[in-house]
Amino acid sequence: MVREEQLIARLVRQSQQEKRIAVQLMQIRQQKEVLRQNRILRQRQYEEQRLTDFHQALDREAALLQQDRVEHQEEIRKERELHAHLAAERTQSKHQKHFNICSEILKHIVDLATKSGEYHLLTANAIPLKMMREWKELYFIGKPLYKVSELELGAEPAEPSPEQAIELEKLNILNQQDYDEYTNMMGEWTWPEEGESRAPPTDNDILGHVVARLQNIVNPPCLNDPSPQFPNFSLRACVLGKVCSGKSTCLTRISEVHGIHILSADTLIQEALAAHQAGEQVPNDHSPELETSAESCGSDPQEAEQGEEESSTAADSGPVSKDLPKKESKTKAQHGAAVEKALRRGGAIPDELLIDIFIHAVRQVPEGRGWVLDGFPANVSQARLLEKSLSGADPDQADRKRRNKKPNLVEDRNAPKAPPPPLPALHLAMLLEVSDEQVLDRAIHRSPEQVREENANKSDDALPKTQEQTLPPEQTQSAPPAGDHTHIQHRIAAFQDTWSKLEKWFGEKQKILVKVSAEVNEDALFRSVETVLFNTMTAAQKGDEAAESSVKVTDDSASLTVPQPTASESGVRSHSPKEGAAGHSRRTSISIVSAGEAPSPTPGSTGWVYVDEPLPQEIAEYLVPYWDSVCSSYVSNVKAVMQNLRSERNLIIHHLYNIREDFKQYLQRPDLKQEFVSVWQRDYNSIPDDMRQDEETKAELHHRLDELRERLWDICDKRREEAMEERAGVIGDGWLEDHTALLINHYSTLMQVEVDRFQDTLRVLRDYYTGMYRRVLPEAPQDFTCIPLLDITNNNGSQTDRTKSPSGSGPSERLTKSAGKKNAEPEVKKTKVVPLIERRSPSTDPPRLLQDIHQTALTAITNMASVEVQQVEMEVNQEVQQQQMEREKALSQASATHSAKKKSAKKKGPSSPTQEPTPPPLIEESPEEVQGRAVRSRIRQEYSRALQHEEGAARQRLELVKLHALSVVHSVQHRAEQTHTDMQEWLDQRFTSEMDSIQQLSEVVQHHIENSLKIPHQLVLDCTDFFIDGETRVLPTTPTPPRPPPLERTNHSTLSILQLHGLRAQLHKIAPTGQVSSTELCQVLQELTSLTMGSDALPEAWMNLTDSQVQELVCVLSQDREVVDWRQFLLSAAQPWPLPSQNQLLRTLARFREEDTAASGVLTLEQYRQVELWFSSQTDVPVPEDPTEPLPYDRLANLKEFFFALFADSASSPAVLDYLTMLLYFCCHPDPAQGFTRALSIVTQHKHQYRHPSPLLQSLPYMDGAEECEAEEEVESVHKDDGVTVEEIFRVLSHGGKRVTSHHRIESNSREELQQDLVKVFKELGFDAGEKIPFSMLSQHPFLQDVLEGSSQYLLADIQRVLHVPKSDGEPSSFTTS
């Protein structure tokens, strides 16, 4: 029970406890739900807060983005405004530059035109070629033609102003042009056309060799520095372009694809700085070396480059060293130290240092690979330094040599030629072309992500801020820093400023520039650049293979050639005792070979071996500067003479113009004629009117008028005398004679310069050749040859002294007699007074004076040359005498020795049998003496040849100077005479005009006197003019203008007389004999009817002919034959003209025979004009009343003149006409049988009649005018029929060549066969060949009928039928004139 109770109590307690736990659980569950709800609420609140924050962030980002967008747009606007401003500035500067250039060119054009007009005004002549060449030279160079400053003649200012500097430069240009023309004998200094044309004297090869050897002795040629050695690269190129043009992007891709090394300035500078910063951590014992190397690299890049070359050479020659990376890093560290030092000073990196960095990088490129420079070089100075560092050649060396070249009068043809210019160090220079707007768009329109990415990529390896700011823009041509657009415009402007010079360097000078358009996408740009690089690599590989093959061939040929010492080297080595024998044997062999040759070469020729014996150094050291002074003085003196000649030319032109103008002004000076006229008119008008009708008053007035006229004429005569005196004073003032003498003196000075050159050259050659075999030079003569000048001073004045030019004193007199002394003091220069010639001697004229001066110069040169020749002959004679004396001395010694031996032999024993006398011993000469004599002989040959060449050249130049002087003096005298003649003409015209004006005044006054009138208007005599009331000028009556020549008016099918003459001239040129082939005539007519030949050669109807019509016309004329008588053609083409009858032809023949008194059968043109043809050529033409209207054209008269030109023989002088042949041509008829009958009548001088046997032929219509001729012949015919002979018929048939055909028989092949046929016909009719047979009987024979019908030479062709020209009713039947 208890147990149960306990159990129940325990259960009760447990249930209560469970209740409490359940309650607690419920509370906890409720709390959890509350917490969960709270957490959900808090999460909802957090989500709402986050969403709110997100939206707020989005709003802020949108606001910031909008602000960035606005700022970006503003930045773009500012960039575009800056770009537009800079572009406008560049455009304005370019426009201003072009404007200035065009303005200068326009000024020069205006100056040239003004100069031309001024010369025409001064001389009224054409501009000489010499003056035009001077103006063109100044015009092309861009120098002003007019003087901008005055310079004193012969005095150059110490510090010239800019204007004076321009004038000095102009003088130098013109002087050099004149000097070149003078030395080359061209332009104004060519040989006259009427004289013998000669070429300029050739260079003296011997003198050129002498000068070249002297210069080589004094200044030995130095060897050029060896070019730097680089591995063989497959590509050496550079890519240039503006910023943001795509260089780096494209080249990076090229490097990744093809393995080409890209060398960029930024990358190399960063590597150098990194190497320098890494080098600072090295222990202290290495730091001084690095600092020293850095300083040396920064101060003297050339030494650093030399060190690099040495290291690279050592690396290439030996095995690969383990310390090579250390050396490379050491060099980079040195470069980095120099870069940092330059940047810390705030300056740009020097170009030399950049070149060293690039050269070091190039040396690291493996052999066989290629490299490309990215954006380098940036200016032309860097390009020049790069070229010099890669190739070892100085690009400015040729220009410096040309500027520093000294004048030299001779050239050595055997001197080694200058090597050709080296090839460019780079294979290619590529420009990526892109516009400024494209660059600006690329720099601006980059996304912010690209900006952040580029900044992140460059944050690790970018330069320090201080260093980055100090880099110049031209050294950082890659893409600009991300987000930095401030320097783009300036970098674009900097590129444009430097590119023009770079384009000239790579494009014009090196010719390696290739332009590629970069305004495409990256892939297209990559393909274009890849193609250009591949083509360049292929071309470079071919060029390298060709160079290697040529070098190999050269090496092989050089290995086959054994170098022989030159003559000069052997001569120098001959002083050594060891080498003396070798030199002696070589010279002996040369002399033996030269002596054995046949023929021996001439000194100075190609096969001649020059004598180069040892020459003392002192002589060479003196002769070289002396020759330089000779050349410089010759050039300067010639230029001075040319300048003086130009000054005298301009002075004479202006003087002649001034005296003409002054004389014109003198002629126009006022006179007193008007005062006398005014007084006379006042007195005349004061006479009362009632007295003017009286005859005595009129007589008195006429008498007064005569007195006034006489007084006015006296004034004119007096003024004429004064003008004559003024003209005589101008002619006799002596100005022209003085300046003519000055011209002669200038040419004398030029001759003196040539004589000085010959004398100085002679002394140089003499001392050179004498110094090779003598230790002591001979004394030179102390006198100098001087050409006399004309005395242009007054008689009381002192004569001017002329000193020798600085090159006048010879080298021998200023050199110490001993060649061993080095310190030779020059002697005092000698001066000589030049003799003066009397200028105004009446017996001498300028040409004679010039001839005398020229002869003096020639005599001086001849004397100097003869003296030298005599000196050479004297030396030869002395050597011969000396050899003879030595030979005689040796013979005497040998004879004395022989006699002494005989005496000693007699004393010793009995006399031996008589022995024959032994011959004298031969004197053996030493090889040195033989060689010395041969050398001296060759020296004399060379010296004589050089002297002869110089003498001929000097003579030629002196002859040219004389001819030019004569031409100039003659031109000056001619112009002066023309000026004096013009003055005389002006004076005569002035006097005549004044007399005419006085006569006009007299006529006016006489008219008023005769009409008893006063003179209401004022009469004015103003110089040569006569005015009424001071305004109305009285002019002489103008003559009637001549009537214009008559003009021929023809219809559209008739040829004019002018066209006939032109056609005759053309046909006569083609076939002078008169027979032209049908083909040629057809071609001529086709050419004339073509449009290209013009429309005035033939009338309109002829111009419209087709080719078939032309061929038809030729067939009508030729009658199926190969040749055509073009005279007969022109006779038919000249229609219409009156067709003569048989009686008219016979009467015309009779008139011709009456005029031909000599019975020669020909008439001249004058005789022909006296004979009247069957038509009258002197018709009465009506004269038009209008004088400006031409007279009517008389076609018949002109036809008569044309007939003479058509049939006359122009080969004879004067031209003559065979009138019988002419009349035979006019016997032509539309019926050839009638034409033959008319011709037979002309030959027999009797009338003959021919009737056609067939009525069909009798009924054929004839041409216009033929019926009238036949009717006239029938009326005038006579019944008597005189016979004809064989010869007369044969004469008719032979006219115009053998053109007779038969319808039934073949044409006779020869004249003999035709004559035999005629004799046979006569025999058939019962007559002998010599008898006459009636023509009526003979014409009935069938053979003769065939001959008559086939006589085409007497057929008058109807050309109008071929032309298809219808005849109008009103047109005349025979001819028309207008």
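All residue numbers refer to positions counted from 1 along the written sequence of the respective chain. It should be noted that, the model being predicted, local features are given only for residues of pLDDT at least 70 and side-chain atom pairs only at 80 or more, the latter also being counted only at that level, while totals for whole chains, interfaces and linings use all residues. Computation of side-chain values: all heavy atoms of the structure, hydrogens and water removed.

(A) The nonpolar core, seen in detail. Note on terminology: a nonpolar core comprises buried Ala, Val, Leu, Ile, Met, Phe, Trp, Tyr and Cys residues joined through side-chain atoms within 4.5 Å. Remark: exposure states derive from per-residue accessible area (1.4 Å probe, protein chains only) relative to the maximum for the residue type, with buried under 20%, exposed over 50%, and partly exposed in between. Ranked by size, the top nonpolar core spans 86 residues in total, and within it Phe1129 and Phe1203 carry the most contacts. The helix count covers DSSP runs of H or I at least four residues long, the strand count covers runs of E at least two residues long, and both are numbered beginning at the N terminus. Here this core gets seven residues from one element, more than from any other, and that element is helix α33 (residues 1195-1207). Each residue touching Phe1129, except ones within four places of it in the same chain, is listed here: Leu1063, Leu1067, Leu1081, Leu1085, Trp1102, Leu1117 and Ile1359. Residues Leu409, Leu615, Val638 and Phe758 belong to the second largest nonpolar core, which totals 82 residues. Contacts: residue pairs with any heavy atoms within 4.5 Å of one another.

(B) Quick peek at a negative patch on the surface. Negative charge collects at one region of the surface, where Glu710, Asp714, Asp717, Glu721 and Glu725 lie side by side. Tracing the chain through its elements places Glu721 in helix α22 (residues 695-731). Classification of Glu721 by relative accessible area gives exposed; the value is 51%. Patch construction takes residues with relative accessible area above 30% that form no salt bridge. Like charges are linked within 9 Å, and nonpolar side chains (Val, Leu, Ile, Met, Phe, Trp, Tyr) are linked within 5 Å. Accessible surface area values rest on a Shrake-Rupley calculation with a 1.4 Å probe, where residue burial reflects the displayed protein chains alone. One side-chain nitrogen of Lys or Arg within 4 Å of one carboxyl oxygen of Asp or Glu is enough to make a salt bridge. When charges are counted, Lys and Arg contribute as positive and Asp and Glu as negative, whereas His and the chain ends are disregarded. In this description, the location of a charge corresponds to atom NZ of lysine, CZ of arginine, CG of aspartate or CD of glutamate.

(C) Spotlight on the packing of aromatic side chains. Side-chain rings of Phe, Tyr and Trp (the six-membered ring for Trp) are treated as a pair once their centres are within 6.5 Å; stacked means planes under 30 degrees apart, edge-to-face means over 60, and tilted covers the remaining angles. Tallied over the full model, the rule gives 22 aromatic pairs. Centroid distance Tyr182 to Trp189: 5.0 Å. Interplanar angle 80°. Geometry classified as edge-to-face. Between the aromatic rings of Phe1236 and Tyr1354, the centroid separation amounts to 6.4 Å while the plane-to-plane angle is 80°, which identifies the pairing as edge-to-face. Placement of the pair is Phe1236 in helix α35 (residues 1232-1244) and Tyr1354 in the loop between α41 (1342-1349) and α42 (1359-1363), with a sequence separation of 118 residues. Through pairs of rings, three or more aromatic residues link up here, namely Trp1137, Trp1174, Phe1175, Phe1202, Phe1203, Phe1207, Tyr1225 and Phe1226. Over the ring of Trp986 we find Lys664, and its NZ or CZ is 4.6 Å from the ring centre. Positioned above the aromatic ring of Trp608 is the side chain of Arg938, whose terminal nitrogen or guanidinium carbon lies 4.3 Å from the ring centre. Whether a charge sits over a ring depends on NZ of Lys or CZ of Arg being within 6 Å of the ring centre and within 35 degrees of the ring normal.

(D) Region of the structure containing unusual backbone geometry. Pro1136 follows Gln1135 through a cis peptide bond whose omega is 10°. Among the structural elements, Pro1136 can be located in the loop between α30 (1126-1133) and α31 (1142-1155). Pro1214 follows Ser1213 through a cis peptide bond whose omega is -5°. Tracing the sequence through the fold places Pro1214 in the loop between β14 (1208-1209) and β15 (1216-1218). Positioned with a positive phi, Lys511 is a non-glycine residue whose angle comes to about 55°. Position of Lys511 among the secondary structure elements: in the loop between α16 (488-509) and β5 (513-517). Within the chain, Ser1012 stands out as a residue other than glycine whose phi angle is a positive 55°. Mapped onto the secondary structure, Ser1012 falls in the loop between α25 (927-1010) and β8 (1019-1022). We classify Ser1012 as buried; its relative accessible area is 12%.

(E) Representation of the sheet that holds strand β1 (residues 235-241) in the model. Taking strand neighbours across the sheet as the criterion, the five strands line up as β2-β3-β1-β4-β5 in an open arrangement whose pairing is parallel. Only two strands of the sheet have a single neighbouring strand rather than two, namely β2 (261-264) and β5. On average, each strand axis in the sheet is tilted by 25° relative to the strand beside it, whichever way the strands run. For two strands to pair, DSSP has to find at least two bridges joining them. Judged from the five bridges that link them, β1 and strand β4 (residues 428-433) form a sheet pairing that is parallel. Paired with Ala237 across the strands is Leu428, a residue of β4. Lines fitted to C-alpha atoms define the axes here, with helix axes fitted over just the stretch in contact, and angles between the N-to-C directions of these axes take values from 0 to 180 degrees. Contacts from helix α10 (residues 351-363) reach β2 and β3 (370-374), with the element oriented near 165° to β2.

(F) Here's a closer look at the confidence of the model for the chain. Confidence scores labelled pLDDT are given residue by residue by the predictor and lie between 0 and 100. Per-chain confidence: the chain averages 76 in pLDDT, with 75% of residues scoring 70 or above. For residues 281-322, every residue scores under 50 in pLDDT, and the model assigns this stretch 34 contacts once sequence neighbours within four places are set aside. Contacts from residues 911-916, a stretch scored under 50 in pLDDT, to residues over four places away or in other chains number zero contacts.

(G) The pattern of salt bridges, seen in detail. All chains considered together, the criterion is met by 35 salt bridges. Where salt bridges share partners, they join Lys130, Glu134, Asp178, Arg646 and Arg649 into one cluster.

(H) Quick peek at a nonpolar patch on the surface. The grouping of Ile101, Ile105, Leu106, Ile109 and Val110 at the surface amounts to a nonpolar patch, some 420 Å² of accessible area in total. Along the chain, Ile105 turns up in helix α1 (residues 2-123).

(I) Geometry of the pairing of β3. Within β3, five of the five residues are buried, which leaves it mostly tucked inside the rest of the structure. Of the two faces of β3, both are covered, the one formed by Gly370, Val372 and Asp374 as well as the one formed by Trp371 and Leu373. Sheet topology places β1 next to β3; five bridges connect them, and they run parallel. Its bridge partner lying in β3, Val239 is registered against Asp374. In the sheet, β2 pairs with β3 via four bridges, with the strands oriented parallel. Bridging from a neighbouring strand, Ile262 pairs with Val372 of β3.

(J) Broad picture of the sheet that holds β14. Taken in spatial order, the three strands of this open sheet run β13-β15-β14, and their pairing is antiparallel. Edge positions in the sheet fall to β13 (1162-1164) and β14, since each of these pairs with one other strand and no more. Relative to β15, β13 is paired through three bridges, and the arrangement is antiparallel. What sits directly across from Leu1163, in β15, is Leu1217.

(K) Focus on the packing of helix α11 (residues 380-391) against α16. Where α11 contacts α16, the axes come no closer than 8 Å and their chain directions differ by 40°. In this view, α11 runs oblique relative to α16, as classed from their interaxial angle. On α16, the residues touching Val380, Ala383, Arg384 and Glu387 of α11 are Lys501, Leu502, Trp505, Phe506 and Lys509. For this classification, Asp, Glu, Lys and Arg are treated as charged, while Ala, Val, Leu, Ile, Met, Phe, Trp, Tyr, Cys and Pro are nonpolar and the rest, including Gly, are polar. A class-by-class count of the residues in the contact of α11 with α16 yields five nonpolar, no polar and four charged. Note on angle classes: values under 35 degrees are labelled roughly parallel, values over 145 roughly antiparallel, values of 65 to 115 roughly perpendicular, and the remainder oblique.

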